[in-house]
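Architecture at a glance
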Amino acid sequence: MDELSKFYHSVTLDSDKCVGCTNCIKRCPTEAIRVRDGKAVITSERCIDCGECIRVCPQHAKRAKFTHLIELNEFKYTIAMPAPSLYGQFNNLDDIDYVLNGLKAMGFDSVYEVAGAAELVSEATRRLMDSGKLLRPVISSACPAIVRLIRVRFPDLVDHVLPLYSPMEVAARLAKKEASERENIPVEDIGVFFITPCPAKVTDVEAPINCEKSAVDGAIAISEIFPLLSSKMDKLTTLEPLAQSGIIGVSWATSGGESTALLKEKYLAADGIENCIRVLEETEDERIGKLDFIELNACPGGCVGGALCVENPYVAKARIQSLRKYMPVSKNHLDRDEEIPEDMKWQDELEFSNAFTLSDDIAESMRMMVEINKVVQKLPGLDCGACGSPTCKAFAEDLVEGYCLRTDCPFEARVDHTVQIPGLDDKKD
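Residues numbered from 1 in each chain as written. Predicted model: local features only at pLDDT ≥ 70, side-chain atom pairs only at ≥ 80, totals over all residues. Heavy atoms only, no water.

Looking now at the sheet that holds strand β5 (residues 77-82). Neighbouring strands of a sheet are bound in pairs by backbone hydrogen bonds; such pairs are parallel or else antiparallel. Within the open sheet, the 4 strands sit side by side as β6-β5-β8-β9. Their pairing is parallel. The sheet is open, and its two edges are formed by β6 (110-111) and β9 (218-221), each paired on a single side. The pairing of strand β8 (residues 190-196) with β9 spans 4 bridges and is parallel. Residue pairing across strands places threonine 196 opposite alanine 221, the latter belonging to β9. (Pairing = 2+ DSSP bridges. Helix = DSSP H or I, 4+ residues; strand = E, 2+ residues; numbered from the N terminus.)

The structure is reproduced here in C-alpha cells:
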C-alpha cells in the first residue's frame, strides 16, 4: 500500500450533514472529493488537509479534528505555543503579552512563541541559501498543505523544497528542552500544544512527513480556544513580560512575511491554494523568471486565513501590521560561529508519491489514457460537477476506472450511446 493512503487526516466528513451540493468537489485542489449516491466521498490518497472544503461547505459537513483542552491533563507540565496568526484575531491588541499571559491564565504552565522559532528558521534559511547548496528557486517548507501538494502533484519540484522543519516543530523541540532543564522535569512529562490556524498543521503533528514523531503533543484550534482566551485576557490586571519575538517572527502570520525576512530581492509570495497551484505549475514548466525563493501559503492572506481562525483574514492581516510597530526587529538568533543545529534539518529527503497514477503497469496506464481521451472528446466540457466529479476530465477518469456510469453525466443520460467504450458502461463500485 502506498504511504499516502496511510496518512492521518484531520479533515473529516459528517455524511449526515452532507447534501451532495458539489461545492467541495469544485474547490478541492487535488480533486480528492467526489459526490456518490448524494454524499461527498474523500479519497485519502489525494487529500492534503488544506481545509478548503471546510471553508466552502454551506452545511458544515466538513470539519477538522484537533486536540481539546481536556488533553492537557495527561501531562505534568504543559506549554502553549501560539501561532503568530493568533495575535491577529484580537481587536485593539497592542501588546503580545496580553495573549501570552491569557494562555497562562487558562492553565498552561508556560508559553513559547512560534514567532521566536520563525526568526531562527529565517536565519537558518539565509545561511543555507548563501551556501549555494540549494536548488533555485527554493520553495518554503513552512506550509504543510503546500509540501503535501508538491509531494503528490509536482515531482520536478520536490528537490526544491527547503529542507528545514517548520517554526512549529522547531519551537516544540526548543520549548521541551528549555523547560526540562529549567524545571528539572523529564521531557516525556512535558506536553507541548500548538495553537493552530489550520487543519494541515494538525495533520503535520499527527503524521509528520520528515520525522518519525513530532515534538508537538497536540494542536488546538484557534476557534476552540478563542472564547476562553478572550475572557481570560479581559480579566488580566498585571502582565508578566513573556514576549520573546520581534517583527520578523510575527510577520510570518501573513503572506510575504517569511520572504521579506530573508533579505532577498528575487522572491515571490503567493497565498490561496488556487494561486499557489498556478505558481507551482509555472515554476515546474520554467515559465517564471529567475527567483531565489518562493513562499506559498495555502490559505488566503497567509496563516491568518486558516480555516480554524475566527477573524476575516484581511482584518487579521491589518491587525498584525499595526501590532508590529511596537516591536523590535528580531529577538532570536543562531550562534554566529555555529553550524545550523541538526534538529532544525529534515531527517529524510522529501519523496514524490504519485497519487494520480492510473495503474502501476505502464501499458495499462497508457491504454486507460487513450480511453479517457475518447470519453473527454464526447463530453460537453462544461465542468458543471453534476455528475459528482469536479470536471469532465475527472469524470472520464472515474468512468474508465470503473467508479461511475456514463449516465451519471446528466447530458449523457439524455442521449443514448453518446459515449461508447466497450466494457465500461456496466462498471461501478
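Once that is clear, we can look at the nonpolar core. Proteins that are soluble and globular tend to have nonpolar side chains buried together. Counting residues in each nonpolar core, the largest one holds 90 residues, and the members touching the most others are Met81, Ile146, Ile150 and Leu296. With 8 residues, helix α4 (residues 114-131) is the single largest residue contributor to this core. Residue contacts for isoleucine 150: discarding those within four places in its chain leaves Ile139, Pro155, Leu157, Val158, Val161, Leu280 and Phe352. Counting residues in hydrophobic clusters, the runner-up holds 32 residues, among them Leu93, Ile96, Val111 and Ala316. (Core = buried A, V, L, I, M, F, W, Y, C linked by side-chain atoms within 4.5 Å. Buried < 20%, exposed > 50% of the residue type's maximum accessible area, 1.4 Å probe, protein only. Contact = heavy atoms within 4.5 Å.)

A sheet is described by the order of its strands in space; here 3 strands give the open sequence β7-β11-β10, paired in parallel fashion. A single partner strand is all that each edge strand has here, and the edge strands are β7 (138-139) and β10 (267-271). In terms of strand pairing, β7 meets strand β11 (residues 293-297) through 2 bridges, oriented parallel. Considered in β11, the bridge of valine 138 is made with phenylalanine 293.

Put simply, helix α13 (residues 362-378) and helix α14 (residues 392-400) touch, their axes get as near as 9 Å, and they point 130° apart. With respect to α14, the axis of α13 lies oblique. For the crossing formed where α13 meets α14, the hand is right-handed. Here Met368, Glu371, Ile372, Val375 and Val376 of α13 come into contact with α14, specifically with Lys393, Ala396, Glu397, Leu399 and Val400. (Axes fitted to C-alpha atoms, helices over the stretch in contact; angles between N-to-C directions. Parallel < 35°, antiparallel > 145°, perpendicular 65-115°, else oblique. Left-handed = near helix turned anticlockwise from the far one by under 90°.)

It is worth spelling out the packing of aromatic side chains at this point. Throughout the structure, instances matching the rule amount to 2 aromatic pairs. When the ring of phenylalanine 75 is compared with that of phenylalanine 193, the centres are 5.8 Å apart and the planes differ by 80°; the resulting orientation is edge-to-face. Linking phenylalanine 75 in the loop between β4 (62-64) and β5 with phenylalanine 193 in strand β8, this pair joins segments that are 118 residues apart in sequence. A centroid spacing of 5.1 Å and a plane angle of 25° characterise the contact between phenylalanine 90 and phenylalanine 226, whose relative ring orientation is stacked. Pair noted here: phenylalanine 90 is in the loop between β5 and α3 (96-106) and phenylalanine 226 is in helix α8 (residues 222-234), with a separation of 136 residues, a long-range link. On the basis of relative accessible area, phenylalanine 226 is assigned to the partly exposed category, the value being 21%. (Phe/Tyr/Trp six-rings, centres within 6.5 Å; stacked < 30°, edge-to-face > 60°.)

Looking now at the state of the cysteines. Under the definition given, this model contains 0 disulfides. The cysteine cysteine 53 is free of any disulfide, with cysteine 50 supplying the nearest cysteine sulfur at 6.4 Å. The thiol of cysteine 387 is not disulfide-bonded; the next cysteine sulfur, from cysteine 384, is found 6.1 Å away. (Disulfide = S-S within 2.5 Å.)

Time to look at a negative patch on the surface. Together, Asp159, Glu212, Asp348, Glu349 and Glu351 make up a region of like negative charge exposed at the surface. By secondary structure assignment, the location of glutamate 212 is in the loop between α7 (199-206) and β9. On the basis of relative accessible area, glutamate 212 is assigned to the exposed category, the value being 80%. (Patch = residues over 30% accessible without salt bridge, like charges linked within 9 Å, V, L, I, M, F, W, Y side chains within 5 Å. Areas by Shrake-Rupley, 256 points an atom, 1.4 Å probe, with all protein chains shown as cover. Salt bridge = Lys/Arg side-chain N within 4 Å of Asp/Glu carboxyl O. Lys, Arg positive; Asp, Glu negative; His and termini not counted. Charge placed at Lys NZ, Arg CZ, Asp CG, Glu CD.)

Interpretation of the predicted coordinates at a detailed level should be avoided for regions scoring low in pLDDT. When the pLDDT values of the chain are averaged, the result is 91; 95% of them are 70 or greater. Note that residues 1-5 has pLDDT below 50 and, in this model, 11 contacts with residues that lie over four places away or in other chains. (pLDDT = per-residue confidence, 0-100.)

For the pair α4 and helix α6 (residues 167-183), interaxial distance at closest approach is 8 Å and the crossing angle is 110°. By the angle class used here, α4 and α6 are roughly perpendicular. Residue-level inspection shows Val114, Ala117, Ala118, Leu120 and Val121 of α4 in contact with α6, the latter providing Pro167, Met168, Val170, Ala171 and Leu174.

Attention now goes to α13. Over its 17 residues, α13 runs 25 Å from end to end, which matches the ideal 24 Å to within 8%, given 1.5 Å per residue. Every buried residue of α13 is listed here: Ser365, Met368, Glu371, Ile372 and Val375. For α13, the buried positions fall inside an angular range of 125° around the axis, keeping them on one side. Away from its buried face, by an angle of more than 90 degrees, α13 presents the exposed residues Ile362, Ala363, Met366, Lys374 and Gln377. On its buried side, α13 packs onto α14. Structurally, the start of α13 carries an N-cap: the backbone nitrogen of alanine 363 is 3.2 Å from a side-chain oxygen of aspartate 361. (Expected span 1.5 Å × (residues − 1). Arc of directions from axis to C-beta. Polar contact = N/O pair within 3.5 Å; in protein donor to acceptor, adjacent residues only side chain to side chain.)

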